[in-house]
Amino acid sequence: MGNSVITIKGLCKSYRKQEVLHDFSLTVERGHICGLIGPNGAGKTTMMKILAGMFFPSRGELEFFGSSDNLDDSRARMSFMIEQPIIAGSMTARENLQYIRYLRGYPDEQRIDEVLELVGLSGTGKKRANKFSLGMKQRLGIAMALLPKPEIMVLDEPVNGLDPEGIVEVRQLIKRMQEEWGVTVLISSHLLSELSELCTDFSIINRGNLIENLSHEELLIKCRGHITLRTDDINKTAAILEDKLSIHDYKVMHGEEIHIFEKLQDIAYISKTLTDNGLVITKLNEEGQNLEDYYLEKVGGRCE
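Since we're looking at a predicted model, the values are computed, not measured.

Novice: It is not clear to me how the sheet that holds strand β2 (residues 18–29) should be interpreted in this structure. Could you clarify?
Specialist: In any sheet, the strands associate via hydrogen bonds between backbone groups, in a parallel or an antiparallel arrangement. Reading across from one edge, β2-β1-β4 is the order of the three strands in this open sheet, with antiparallel pairing throughout. Each edge of the open sheet carries a strand with a single partner, namely β2 and β4 (59–64). Across this sheet, the average inter-strand angle for adjacent strands is 15°, counted without regard to direction. As defined by bridge partners, strand β1 (residues 4–15) adjoins β2 across eight bridges and the pair is classed as antiparallel. By the bridge assignment, K13 is partnered in β2 with L21. Helix-sheet contacts for helix α1 (residues 44–52) involve β1, β2 and β4, and the interaxial angle to β1 is about 115°.

See the structure below:
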């Protein structure tokens, strides 16, 4: 827990007796990109507005940088882009950033050139923001959030409505922020395919409830084609897989079941070998799905 920069404990939020978030808990580690995924209306934006101080929770606790004290002071070390970025269309990209610099009290004017270069808007000159494409506006919004050198950025659906080229631009920008500047990112989206290429961690939310937290590696393992195996003796099973079946590409999941990633065509022979050696098989089937299928299985239906 010492490396966590955002900790959410039992967060609840109700509107007119309707609970939008229910007992939601999440930890975001420093330097990670955490993807909050779920269908529209799942509670992602509400949770982010609570983090930003725009809403108060009905119940629950927040910690930033390991402390629940002085949350507004901690928010000064963070930046938020929730829903659409607030951009003055009559001003240039530089003028928008200059305004944010004054607003946030950031002293270094040279930072504007650095950020414009990072987001690929250094050549926009006197072009007004209302003439920008949607992708350029999203990148300007990220630049405005990035200007005061935040340690954490909270981005709500930053690729929503973008064409494929714009989505790639924003994805690459977020990766650069994390890799080159060490920014921790909490990002929401209902586009699992995009987050799968970007995030180090995932939290799946549906109808205000946290469905699952998992790392990128765990998600890949769960989605990789494999044989799922449960028996009455998991340790003996592992020994038989190696000694009798020469199977070494497997993983014991939480001490309860084994995922086998090789010899998937030999499932019948695997079953016979295990039972011949006195094991009782309680689960044996071939599984594997793409990321979209896994997500839909978890939320119980298709997202909008």
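Novice: Just checking my understanding: could you explain the pairing of strand β12 (residues 257–260) for this structure?
Specialist: Two faces make up the sheet, and in a regular strand the side chains alternate between them. Burial along β12 is two-sided: the residues E257 and H259 and I258 and I260 are all buried. By the bridge criterion, three bridges tie strand β10 (residues 226–231) to β12 in an arrangement that is antiparallel. When the bridges of β12 are listed, I227 appears paired with I260. Counted between consecutive antiparallel strands, the loop separating strand β11 (residues 250–253) from β12 contains three residues, among which H254 sits at a positive phi close to 55°.

What counts, and at which threshold
- Residues numbered from 1 in each chain as written.
- Predicted model: local features only at pLDDT ≥ 70, side-chain atom pairs only at ≥ 80, totals over all residues.
- Heavy atoms only, no water.
- Pairing = 2+ DSSP bridges.
- Helix = DSSP H or I, 4+ residues; strand = E, 2+ residues; numbered from the N terminus.
- Axes fitted to C-alpha atoms, helices over the stretch in contact; angles between N-to-C directions.
- Contact = heavy atoms within 4.5 Å.
- Buried < 20%, exposed > 50% of the residue type's maximum accessible area, 1.4 Å probe, protein only.

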